[in-house]
There are 2 protein chains.
Amino acid sequence: MTPSAPSASLDFALDRTSPVPLYYQLAQQLESAIEHGALAPGSLLGNEIELAGRLGLSRPTVRQAIQSLVDKGLLVRRRGVGTQVVHSQVKRPLELSSLYDDLEAAGQSPATRVLRNEVQPASAEVAAALGLAEGSDVAVLERLRFTHGEPMAFLCNYLPAGLVHLDTAKLEATGLYRMMRAAGITLHSARQSIGARCATVEEAERLDETEGAALLTMQRTAYDSTGRVVEYGTHIYRASRYAFEFQLLVRS
Amino acid sequence: MTPSAPSASLDFALDRTSPVPLYYQLAQQLESAIEHGALAPGSLLGNEIELAGRLGLSRPTVRQAIQSLVDKGLLVRRRGVGTQVVHSQVKRPLELSSLYDDLEAAGQSPATRVLRNEVQPASAEVAAALGLAEGSDVAVLERLRFTHGEPMAFLCNYLPAGLVHLDTAKLEATGLYRMMRAAGITLHSARQSIGARCATVEEAERLDETEGAALLTMQRTAYDSTGRVVEYGTHIYRASRYAFEFQLLVRS
DNA sequence: GGATGCATATTGTCCGGACAAATCGCCTGG
DNA sequence: CCAGGCGATTTGTCCGGACAATATGCATCC
């Protein structure tokens with residue numbers, strides 16, 4: 001339980017000619033040192049003043065680097081004691097997850113079949129969710145996502161028309177969020193609701209389940225950095241093959 | 001679409017004799033001004049230098065206040081443009097949620113019945129989840145949560161023995177997280193998994209559902225600020241009466 | 001031997017300034 | 001009328017310093 005002695009001099013290489021900020025360079029190298037095990041969980045980081053002097057940086061810059069890792073949950077600072085590496089079993093950041101990216105990261109080699117990709121007038125529900133007038137043009141997207149050749153989820157998404165060019169071939173080769181990012185849309189936040197229900201006959205057929213099987217449902221409204229709604233979606237997952245996993249940070 | 005003119009002088013009252021930090025005082029007053037509508041969505045905040053001068057603060061202090069609201073997703077800064085209020089329909093930046101607090105905030109007047117509250121040796125699964133040796137003493141807690149007189153969830157929790165004194169009467173009057181906080185435990189992060197399945201006969205009976213009804217399942221491992229595991233729980237919700245709602249922030 | 005108080009170490013807060021980088025609007029020139 | 005350049009505005013980064021608040025360990029005193 002006694003916190004380890006301040007980890008001695010790790011060699012951090014800072015490049016002052018680089019356009020990437022110094023605090024960010026330091027934060028990244030600290031993070032990789034933690035991830036890599038060079039900074040053991042529970043070990044103290046050494047005081048900021050001395051660290052700043054050793055690196056040739058000012059204390060505010062060092063603090064900014066440390067603070068960013070504290071925000072990520074990798075470090076804990078305690079006044080009068082020091083900054084130590086949190087010994088957490090888990091690393092996963094969680095944030096706004098993209099199903100496609102999640103599956104790919106898990107080595108599941110996802111595949112997508114686009115069932116529908118067209119523009120049509122918004123229904124009342126969709127218009128309300130997207131913050132548009134009823135009857136406005138919206139892109140409607142229905143997809144089936146597979147892993148290992150088996151269907152795993154049915155995805156239905158609505159986007160304001162003209163926001164992104166939704167090429168069907170591209171949609172089957174990558175994920176929607178990746179396409180939005182490529183179109184210059186930076187996602188900022190999303191409101192989600194996760195529930196469950198039993199499969200209807202049509203749903204069961206579409207997902208290769210039996211009627212009454214448990215399904216996970218997710219509704220998401222995504223916002224870009226200005227607060228505009230850029231996507232509304234209703235997703236249905238086979239509970240037998242999928243669960244949402246994520247880590248939450250409590251902001252004090 | 002044109003961003004509103006810089007909102008003129010709002011009167012912020014800063015108390016230098018207060019122990020609460022100046023940047024925090026400013027952040028809170030800004031937040032309440034946004035929540036209250038005094039700062040309209042999309043409106044510019046006015047440049048930092050001038051704002052600092054007007055408030056008698058230094059620019060770093062003002063920046064620290066603004067940054068905390070940016071992290072919360074209430075403001076957006078753009079270099080060369082300014083800082084503006086995000087016009088988001090939703091405000092709640094939900095985080096690690098306490099079911100009890102959630103229900104109470106929604107005016108659902110939750111009630112709890114403690115079915116089991118004892119200390120016993122940890123099974124292999126529980127020991128692994130809590131990071132203890134198999135057979136260590138752990139507190140086992142089984143509760144039923146009601147709203148409007150109807151059962152809504154079955155909660156099973158495990159805690160390292162001796163961490164909190166689990167008084168049954170107190171547990172029925174308040175929530176577990178509130179008791180942990182009162183015992184000096186500051187939650188820091190949690191890993192969650194949300195899935196679904198169909199109710200077994202016993203589960204259906206316990207929750208006043210029919211066999212095969214859809215249930216939402218949640219498993220959570222909670223960590224305190226030093227990274228210690230302080231709680232592991234398996235919760236089961238009636239999907240017909242409950243869904244998880246939360247907002248995610250993307251950290252760029 | 002135990003409790004109290006003090007010195008020390010470390011982070012938290014705050015200040016003032018300097019320059020860089022990005023964005024936007026305006027003006028000029030073609 | 002359009003394109004490009006230029007300057008003004010605003011946030012981003014970084015520095016150096018000062019003092020306050022808190023936790024820890026040690027010495028002292030009862």
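Just above sits the structure.
Residues numbered from 1 in each chain as written. Chains lettered and ligands numbered in written order. Predicted model: local features only at pLDDT ≥ 70, side-chain atom pairs only at ≥ 80, totals over all residues. Heavy atoms only, no water.

## Side note on the protein's contact with DNA strand C
Next up, step 1: Taken together, 25 residues are adjacent to DNA strand C, and Arg63 and Arg79 of chain A together with Arg16, Leu22 and Thr61 of chain B come closest.
Next up, step 2: Here the atoms of DNA strand C within 4 Å of the protein split so that 72% fall in sugar or phosphate, with bases taking the remainder.
Next up, step 3: Here a sugar or linking oxygen of DNA strand C sits 2.9 Å away from a polar atom, N or O, in the side chain of Arg79 of chain B.
Next up, step 4: Listed by contribution, the elements that provide at least two residues to the surface near DNA strand C are α3 (59–72), β1 (75–78) and β2 (82–85) of chain A together with α1 (22–36) and α3 (59–72) of chain B.
Next up, step 5: Looking at which element gives the most residues to the surface near DNA strand C, the answer is α3 of chain B, with three residues. (Near = heavy atom within 4 Å. Polar contact = N/O pair within 3.5 Å; in protein donor to acceptor, adjacent residues only side chain to side chain. Helix = DSSP H or I, 4+ residues; strand = E, 2+ residues; numbered from the N terminus.)

## Side note on the protein's contact with DNA strand D
Next up, step 1: Close to DNA strand D lie 25 residues; Arg16, Leu22, Ser58 and Thr61 of chain A together with Arg63 of chain B are nearest.
Next up, step 2: Expressed as a percentage, the sugar and phosphate content of the atoms of DNA strand D within 4 Å of the protein is 75%.
Next up, step 3: A distance of 2.8 Å is found between a phosphate oxygen of DNA strand D and a side-chain nitrogen or oxygen belonging to Arg63 of chain B.
Next up, step 4: Between DNA strand D and the protein, one listed contact pairs a phosphate oxygen with a side-chain N or O atom of Arg77 of chain B at 2.9 Å.

## Describing the interface of chain B and chain A
Next up, step 1: In this complex, chain B contributes 45 residues to the contact, which on the side of chain A involves 46 residues.
Next up, step 2: When the two sides are added together, the surface that chain B and chain A hide from each other amounts to roughly 4300 Å², 56% of it contributed by carbon and sulfur.
Next up, step 3: Where chain B meets chain A, there are two salt bridges.
Next up, step 4: Here Arg191 of chain B ties to Glu245 of chain A by a salt bridge, and the two come within 3.2 Å at their closest N and O atoms.
Next up, step 5: When residues of the side of chain B that touches chain A are traced back to their parent elements, those giving at least two are β6 (187–198), β7 (214–224) and β9 (244–249) of chain B.
Next up, step 6: Within the side of chain B that touches chain A, the residues separate by chemical class into 23 nonpolar, 14 polar and eight charged. (Contact = heavy atoms within 4.5 Å. Buried area = accessible area lost by both parts, 1.4 Å probe. Salt bridge = Lys/Arg side-chain N within 4 Å of Asp/Glu carboxyl O. Nonpolar A, V, L, I, M, F, W, Y, C, P; charged D, E, K, R; others polar.)

## Comments concerning the relation of the copies chain B and chain A
Each of the two chain copies can be generated from the other by rotation about an axis followed by a shift along it.
Next up, step 1: Taken as rigid bodies, chain B and chain A are interconverted by a rotation of 180° and an axial shift of 0.0 Å, the fit giving an RMSD of 0.1 Å. Taken together, the rotation and translation relating the two chain copies correspond to the operation of a two-fold axis. Closest approach to the rotation axis within chain B is made by the C-alpha atom of Ala214 of chain B, at a distance of 2.8 Å.
Next up, step 2: Counting the interface residues of chain B, we find that 100% of their copies in chain A are interface residues as well, pointing to one common contact surface. (Least-squares fit on C-alpha atoms with pLDDT ≥ 70 in both.)

## Here we look at the pairing of β6 of chain B
Residues and elements named next belong to chain B.
Next up, step 1: β6 sits mainly inside the fold: ten of its twelve residues count as buried.
Next up, step 2: Two strands pair when backbone bridges link them, and β6 and β7 are joined in this way by eleven bridges, in the antiparallel orientation. Paired with Arg191 across the bridge in β7 is Thr221. (Buried < 20%, exposed > 50% of the residue type's maximum accessible area, 1.4 Å probe, protein only. Pairing = 2+ DSSP bridges.)

## Notes on the sheet that holds strand β8 (residues 229–238) of chain B
Next up, step 1: Taken together, the seven strands give an open sheet; going across it, the order is β9(A)-β6(B)-β7(B)-β8(B)-β5(B)-β4(B)-β3(B), and neighbouring strands pair in antiparallel fashion. Of all strands in the sheet, those with a lone pairing partner are β9 (244–249) of chain A together with β3 (110–121) of chain B, marking the two edges. Ignoring which end each strand starts from, the neighbouring axes of this sheet average 15° apart.
Next up, step 2: Pairing between β7 of chain B and β8 of chain B: nine bridges, direction antiparallel. Across the sheet, Leu215 of chain B pairs through a bridge with Arg238 of chain B, a residue of β8 of chain B. (Axes fitted to C-alpha atoms, helices over the stretch in contact; angles between N-to-C directions.)

## Focus: the packing of α1 of chain B against α3 of chain B
Residue and element names in this part refer to chain B.
Next up, step 1: Where α1 meets α3, the closest approach of the two axes is 8 Å, and the angle between their N-to-C directions is 50°. Our classification of the angle between α1 and α3 gives oblique. For the pair α1 and α3, the crossing hand works out as right-handed. Of the residues in α3, those in contact with Leu22, Tyr23, Leu26, Ala27, Leu30 and Glu31 of α1 are Thr61, Val62, Gln64, Ala65, Ser68, Leu69 and Lys72.
Next up, step 2: Counted by class, the contact of α1 with α3 contains eight nonpolar, three polar and two charged residues. (Parallel < 35°, antiparallel > 145°, perpendicular 65-115°, else oblique. Left-handed = near helix turned anticlockwise from the far one by under 90°.)

## Considerations on the sheet that holds strand β8 (residues 229–238) of chain A
Next up, step 1: Spatial ordering of the open sheet is given by β3(A)-β4(A)-β5(A)-β8(A)-β7(A)-β6(A)-β9(B), a layout of seven strands whose pairing is antiparallel. The open sheet has two edge strands with one neighbour each: β3 (110–121) of chain A together with β9 of chain B. Along the sheet, successive strands turn relative to each other by an average axial angle of 15°, direction set aside.
Next up, step 2: With eleven bridges joining them, β3 of chain A and strand β4 (residues 137–147) of chain A adopt antiparallel strand pairing. Opposite Asn117 of chain A, over in β4 of chain A, you have Leu141 of chain A as the bridge partner.

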